[in-house]
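# Residue-level structural notes
Spelled out, the chains give:
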Amino acid sequence: MLEAMESLDEDAKLMVRYRDGDADAFSTLYARHKGPLYRYLLRQVRNAGAAADLFQDVWSRLVATRSRYEARAKFATYLFHIAHNCTIDFFRRDLKMRRAARSDEAEHQAEPEVPEYQRPDGIAEFAEQQSALLAALGALPQEQREAFLLHEETGLTIEEIARVTDVGVETAKSRLRYAIRKLKKSLLPAEIPVRSYGRERLEQHAINGHARRIG
Amino acid sequence: MDTPDELDEYLRGDSALSRQYRKESAPTPPHALDRRVLGLSRPREPDAHGTAQRLTPCLAPLAFAASVLLSVALVLAIVFGPQTGKRVDDTPRLVRVAAHADASTNPPLDRRLQLYSSDPKLARAPSAWLADIAALRRAGRDSEADAELRRFRSAYPGYSIGDLAIRP
């Protein structure tokens, strides 16, 4: 816990140094947070190109607003609050585009409505769909996915997740609870063979288990 | 069915779910993206060397054309310029005439009218004109001196002319 506090203070101090003109402090901050932020964005929007754009947008906003930074909270909450806002903007833009395209789709008897970032070409870029856990994560509602990612990638507490996502603590807690429940199901042994082993091996596995129990 | 204990266990970070998530691939931003973001963070400083390098390609032909133009203009000025065949006395004639006429440095209006008038009588006093012609002779510009002398005689037919103005 003490280590966490020291780390917290160090990131905030780095950001203050950057605010005051020390460009090298930014490099250290960037190296520490680039991975978690990139994965948060990539697994939220599930499109590599969109994630890269958002990633750059988040850091650009951080750079542009650095003069107003005050070390009042954990730096990660500051950074991921920006990321949350950028992601929300992205989903809103995507929704508008889909609504605008809806009339065209109706005219041309289009396929069922699928978000732009979930269409086959977009998913093809997102090369993480092999694992059951990540597939289940991708299937979560966006708010639940976000709560899970914020905790896993940054170690934020429920209260910090609530602050980042602009909701109450109970709402954040509820989202995380639902996310955990659904994701745990993806780890259950009964579901894994269907995806990765195939039905024949699953049946063989069941036969062997039955034989062992009899033996 | 989840319980508060399960959530607490998960939040402590030692749940099977967290362990499994950490085993997943951990993609990081491409290096090009790293460079772009780190470039954004640096204040934009004027880079004289870089600016010169960027400008060189477009300025080089312009500089060459300017050099050629300047050289040609210089050669033309030397070959065909008004000062070709330079004489010993470079002073403009009007200035010389004014100097020989004992004029003050800032002559009065009627005097300036004399100097710049198209009427030969108004333009020059006879003595100054003759001094001018004599100066042309001394400089070896006899044809000009003859022409001036002819004009002088037509302007002042009865005026006594000294040897210096007449003699070649």
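Refer to the preceding data block for the structure.
Residues numbered from 1 in each chain as written. Chains lettered and ligands numbered in written order. Predicted model: local features only at pLDDT ≥ 70, side-chain atom pairs only at ≥ 80, totals over all residues.

### Let's talk about the overall build of chain A
How we decide: The helix count covers DSSP runs of H or I at least four residues long, the strand count covers runs of E at least two residues long, and both are numbered beginning at the N terminus. Here contacts are defined at the residue level, using C-beta atoms placed from the backbone and a cut-off of 7 Å between them.
When helices and strands are counted, chain A shows eleven helices and zero strands. The order of helices and strands in chain A, counted from the N terminus, is α-α-α-α-α-α-α-α-α-α-α. A separation of at least 24 residues holds for 61% of the contacts in chain A among residues at least 6 apart in sequence.

### Remarks on helix α8 (residues 126-138) of chain B
Residues and elements named next belong to chain B. Threshold: Between the first and last residue of a helix there are one fewer steps than residues, each counted as 1.5 Å, and that sum is the expected span. Counting other C-beta atoms within 10 Å of a residue's own tells you its class, since 20 or more makes it buried, 12 or fewer makes it exposed, and anything in between is partly exposed; those C-beta atoms are placed from the backbone.
Spanning 13 residues, α8 covers 18 Å between terminal C-alpha atoms, matching the ideal 18 Å at 1.5 Å per step. Listed in full, the buried residues belonging to α8 are Ala 128, Trp 129, Leu 130, Ala 131, Asp 132, Ile 133, Ala 135, Leu 136 and Arg 137. With its phi angle positive at about 80 degrees, Gly 140 sits one or two positions after the end of α8.

### Some thoughts on unusual backbone geometry
All names here are of chain A. In this model, Arg 46 sits at a positive phi of 55 degrees, which is unusual for a non-glycine residue. Here Asp 166, not a glycine, exhibits a phi torsion of approximately 60 degrees, which is positive. Tracing the chain through its elements places Asp 166 in the loop between α8 (158-165) and α9 (169-187).

### Things to note about the interface of chain A and chain B
Stated precisely, the cut-off is as follows: Side-chain classes are defined by residue name, with Ala, Val, Leu, Ile, Met, Phe, Trp, Tyr, Cys and Pro counting as nonpolar, Asp, Glu, Lys and Arg as charged, and the others, Gly among them, as polar.
Across the contact, 26 residues belong to chain A and 23 residues belong to chain B. For the side of chain A that touches chain B, the secondary-structure elements that each account for two or more residues are α2 (23-45), α3 (48-64), α6 (132-139) and α9 of chain A. Among the residues making up the side of chain A that touches chain B, the classes are represented as 14 nonpolar, five polar and seven charged.

### Considerations on the nonpolar core
All names here are of chain A. The condition that has to hold: By definition, a nonpolar core groups buried Ala, Val, Leu, Ile, Met, Phe, Trp, Tyr and Cys residues that are joined through C-beta atoms within 7 Å. Those domain boundaries reflect an automatic or database domain assignment.
With 45 residues, the main nonpolar core has Leu 41, Leu 54 and Ile 161 as its most contacted residues. Counting only elements with at least two residues in this core, the list comes to α1 (2-19), α2, α3, α4 (75-107), α6, α7 (142-154), α8 and α9. Shared between two domains, this core holds at least three residues of each, these being domain 1 (1-128) and domain 2 (129-215). Not counting residues up to four positions away in its chain, the partners in contact with Ile 161 are Ala 147, Leu 150, His 151, Leu 156, Ala 172 and Leu 176.

### Remarks on the packing of α2(A) against helix α3 (residues 31-41) of chain B
Test applied: Axis definition: a line fitted to C-alpha atoms, limited for helices to the stretch in contact. Angles are taken between N-to-C directions and run from 0 to 180 degrees. Crossing handedness follows the turn of the near helix against the far one: under a right angle anticlockwise gives a left-handed crossing, and clockwise gives a right-handed one.
Orientation of α2(A) relative to α3(B), taken along the N-to-C sense of each, is 145 degrees, at an axis distance of 10 Å. Between α2(A) and α3(B) lies a crossing of right-handed hand. Judged by residue contacts, Ala23(A), Phe26(A), Ser27(A), Tyr30(A) and Lys34(A) of α2(A) engage Asp34(B), Val37(B), Leu38(B) and Ser41(B) from α3(B). Along the lines of polarity and charge, the residues of the contact of α2(A) with α3(B) split into five nonpolar, two polar and two charged.

### Thoughts on the packing of α2(A) against α3(A)
Residues and elements named next belong to chain A. The line we're drawing: What sets the label is the angle itself: under 35 degrees gives roughly parallel, over 145 gives roughly antiparallel, 65 to 115 gives roughly perpendicular, and the rest give oblique.
Where α2 meets α3, the axes come as close as 8 Å, and the angle between the chain directions of the two elements is 135 degrees. The angle between the axes of α2 and α3 places the two elements in the oblique class. Once α2 is placed against α3, the crossing between them reads as right-handed. On α3, the residues touching Leu 37, Tyr 38, Leu 41, Leu 42 and Val 45 of α2 are Ala 48, Ala 50, Ala 51, Leu 54, Phe 55 and Val 58. A breakdown of the residues in the contact of α2 with α3 according to their chemical character gives eleven nonpolar, no polar and no charged.

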